[in-house]
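Residue strings, one per chain:
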Amino acid sequence: MSRSAARLSALAADADPWRGLPFELEARQGYKEWQHFVVFGEGWTLLFNLSLEGGAGKATTIVCQGEWQGHVARCRRPDVRPGRLDATFDRAAMRWRGGRYEIRNQGDGPRMEVVLAPASVPSLSHDIRVGSGSHLSWCLVPRLLASGWVEIGGRRVSFEDRLAYHDHNWGRFRWGGDFSWEWGCAVPPDAAVPWMVVFSRMNDRARTRTTATSVFLLRGGDIVRYFRNAEARFTTEGIVDARPSGRVPAAAALLLPDQDRDVPRWTRLDACRGGESLSGEVEALVRGQILVPSETDVRGVVRLNEVDARAWIRGICAGEAFEFEGPCLLEVVRG
């Protein structure tokens, strides 16, 4: 491992361990925490998530290649220790070995084993407001190189040095509260291109009031610009009116109509500071949904829309023009 790679691994290991409270306290205080990984393959996208909530855990593994498919596995007693990165959720797990993340799912849903090497510095944001009296902290390691295999449609697909994204969130809020968010990660099709973008917008549930915006621009392993709030503006156009191609857990989908108006067809972002600027267009292509019970309505279901998308990004940074077109994962959540 080079000195640069060792430094990035050390930074990730220091910033990213599980924060989790003991399970008995988590259940009483509404604590939530999750570790989230996205791998951008050649014509496919893999999402893997380990989450703690209400004194139990869930492992979500979904993959999109033309349509979304996957599974949410519940774990009554995950093996998670605060201050460490390792965690086991029955037959799904994450490890920290040799300066790299190792993730796997050997249970139901798409099976996979992936090693992810940090290729960027982490960024940490504390106590982001998520509705009244609620907050969420966010640690992101936005650029990694992933190698391993994943099963897609019953076929094992091997890959090496594909671009990937990771974040880690923790805090206290209630699903079904007065919030919504849009988040996205846009990458070039070739890891040799150094640029990538991560963006997010926090709103109230009705999406009539924006509480925070952010756009991260990366060049290689560095976050070279961070545009926020008044510096970053989002607009949307159209609606993806097709039925989601995959909804998990499937039983929760029985409570929902076939169609909704959650996801815009186009998401546009414009960010500027001084003489530097970034603009982007994201076209939503195929969406799936991860369904979560509402904590404010006993009959309600919260929809986490995971959208396979295409992005066009351009701008000027430190006098250098950049531009790329590539895959994007867009997440649209209604509280």
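Parameters at a glance
Residues numbered from 1 in each chain as written. Predicted model: local features only at pLDDT ≥ 70, side-chain atom pairs only at ≥ 80, totals over all residues. Heavy atoms only, no water. Helix = DSSP H or I, 4+ residues; strand = E, 2+ residues; numbered from the N terminus. Rg over C-alpha atoms; globule rule 2.2 N^0.38 Å. Buried < 20%, exposed > 50% of the residue type's maximum accessible area, 1.4 Å probe, protein only. Contact = heavy atoms within 4.5 Å. Pairing = 2+ DSSP bridges. Core = buried A, V, L, I, M, F, W, Y, C linked by side-chain atoms within 4.5 Å. Phe/Tyr/Trp six-rings, centres within 6.5 Å; stacked < 30°, edge-to-face > 60°. Polar contact = N/O pair within 3.5 Å; in protein donor to acceptor, adjacent residues only side chain to side chain. Salt bridge = Lys/Arg side-chain N within 4 Å of Asp/Glu carboxyl O.

Engineer: Just to check I follow, could you spell out the overall build of the protein for this structure?
Structural biologist: A tally of helices and strands in the protein yields 3 helices and 22 strands. Expected size for 335 residues packed as a compact globule is a radius of gyration near 20 Å; at 19 Å, the protein falls within 12% of this value. Projected onto its principal axes, the C-alpha positions of the protein cover 50 × 45 × 40 Å. For the protein, buried positions account for 55% of its 335 residues. In the protein, 58% of the contacts between residues at least 6 apart in sequence involve partners at least 24 apart.

Engineer: Sorry, what's going on with the pairing of strand 16 (residues 222–228) here?
Structural biologist: Pairing of strand 15 (residues 210–219) with strand 16 involves 6 bridges; the strand directions are antiparallel. Along strand 16, the bridge assignment pairs Ser214 with Arg228. Connecting strand 15 to the next strand, strand 16, in antiparallel fashion are 2 residues, including Gly220 with a positive phi near 65 degrees.

Engineer: Please clarify how unusual backbone geometry should be interpreted in this entry.
Structural biologist: Most peptide bonds take the trans configuration, and most residues that are not glycine carry a negative phi. With an omega of -10 degrees, the peptide bond running from Val248 to Pro249 counts as cis. Following the sequence through the fold, Pro249 ends up in the loop between strand 18 (246–248) and helix 3 (250–253). Look at Asp90: it is not a glycine, yet its phi comes out positive at around 55 degrees. One non-glycine residue, Asp161, adopts positive backbone phi at about 55 degrees. Position of Asp161 among the secondary structure elements: in strand 12 (residues 155–172).

Engineer: Would you mind showing me how to read the nonpolar core here?
Structural biologist: Within soluble globular proteins, side chains that are nonpolar tend to cluster in buried spots. Within the largest apolar cluster, 34 residues are counted, with the highest numbers of intra-cluster contacts made by Tyr165, Trp175, Trp181, Trp183, Cys185 and Val198. With 32 residues, the next largest nonpolar core counts Leu46, Ala87, Met94 and Trp96 among its residues.

Engineer: How should the packing of aromatic side chains be read in this particular structure?
Structural biologist: Each aromatic ring pair is characterised by the separation of its centres together with the angle its planes make. For the structure on display, the rule yields 18 aromatic pairs. Residues Trp138 and Phe216 carry aromatic rings whose centres are separated by 5.8 Å and whose planes lie at 85 degrees to one another, so their mutual orientation is edge-to-face. Taken together, the positions of Trp138 in strand 11 (residues 135–152) and Phe216 in strand 15 put the pair 78 residues apart, joining distant regions of the chain. Taken as a pair, Trp138 and Phe216 share a single burial class, namely buried. When the ring of Trp195 is compared with that of Phe322, the centres are 4.5 Å apart and the planes differ by 20 degrees; the resulting orientation is stacked. Within this pair, whereas Trp195 is found in strand 14 (residues 195–203), its partner Phe322 is found in strand 22 (residues 320–334), the two being separated by 127 residues in sequence. Phe322 matches Trp195 in its accessibility class, with the two residues each being buried. One aromatic cluster is present, formed by Trp34, Phe173, Trp175, Phe179 and Trp181 through successive ring pairs.

Engineer: Is there a simple way to explain the side chain of Asn305 in this structure?
Structural biologist: Its location among the elements puts Asn305 in strand 21 (residues 301–317). Among the polar contacts made by the side chain of Asn305, one reaches the side chain of Asp262 at a distance of 3.0 Å. Here Arg287 takes part through its side chain, which lies 2.9 Å from a polar atom of the side chain of Asn305. In this structure, Asn305 is in contact with Asp262, Val263, Arg287, Gly288, Gln289, Leu330, Glu331 and Val332, ignoring residues within four places of it in sequence.

Engineer: How should the pattern of salt bridges be read in this particular structure?
Structural biologist: Pairing of side chains with opposite charge becomes possible as their charged atoms draw close. The tally for this structure, following the rule as stated, stands at 17 salt bridges. Glu53 is paired through a salt bridge with Lys32; the nearest N and O atoms lie 4.0 Å apart. Placement of Glu53 in strand 2 (residues 45–53) and of Lys32 in strand 1 (residues 31–40) is noted, with a sequence separation of 21 residues between them. Residue class for Lys32 comes out buried when judged on its relative accessible area of 2%. Beyond isolated ion pairs, a larger network of salt bridges with shared partners links Arg247, Asp260, Asp262, Arg287 and Arg303.

Engineer: How should I be thinking about the environment of Pro194 in this particular structure?
Structural biologist: Assignment of secondary structure puts Pro194 in the loop between strand 13 (180–186) and strand 14. C-alpha separation for the pair Pro194 and Val292, spaced 98 residues apart in sequence, amounts to 36 Å.

Engineer: Just to check I follow, could you spell out the environment of Gln69 for this structure?
Structural biologist: Position of Gln69 relative to the elements: it lies in strand 4 (residues 68–75). Judged by relative accessible area, which is 34%, Gln69 ranks as partly exposed. Considered as a pair, Gln69 and Met112 are 43 residues apart in the sequence and their alpha carbons are 14 Å apart. Those residues within four positions of Gln69 in sequence are excluded, and the remaining contacts are Thr61, Ile62, Val63, Pro110, Ile152 and Gly153.

Engineer: What am I meant to see in the side chain of Gln106 here?
Structural biologist: On the secondary structure map, Gln106 appears in the loop between strand 8 (100–105) and strand 9 (112–118). One polar contact links Gln106 to Glu113, side chain to side chain, over a distance of 3.1 Å. The residues touching Gln106, leaving out its near neighbours within four places in the chain, are Arg91, Arg111, Met112, Glu113 and Trp149.

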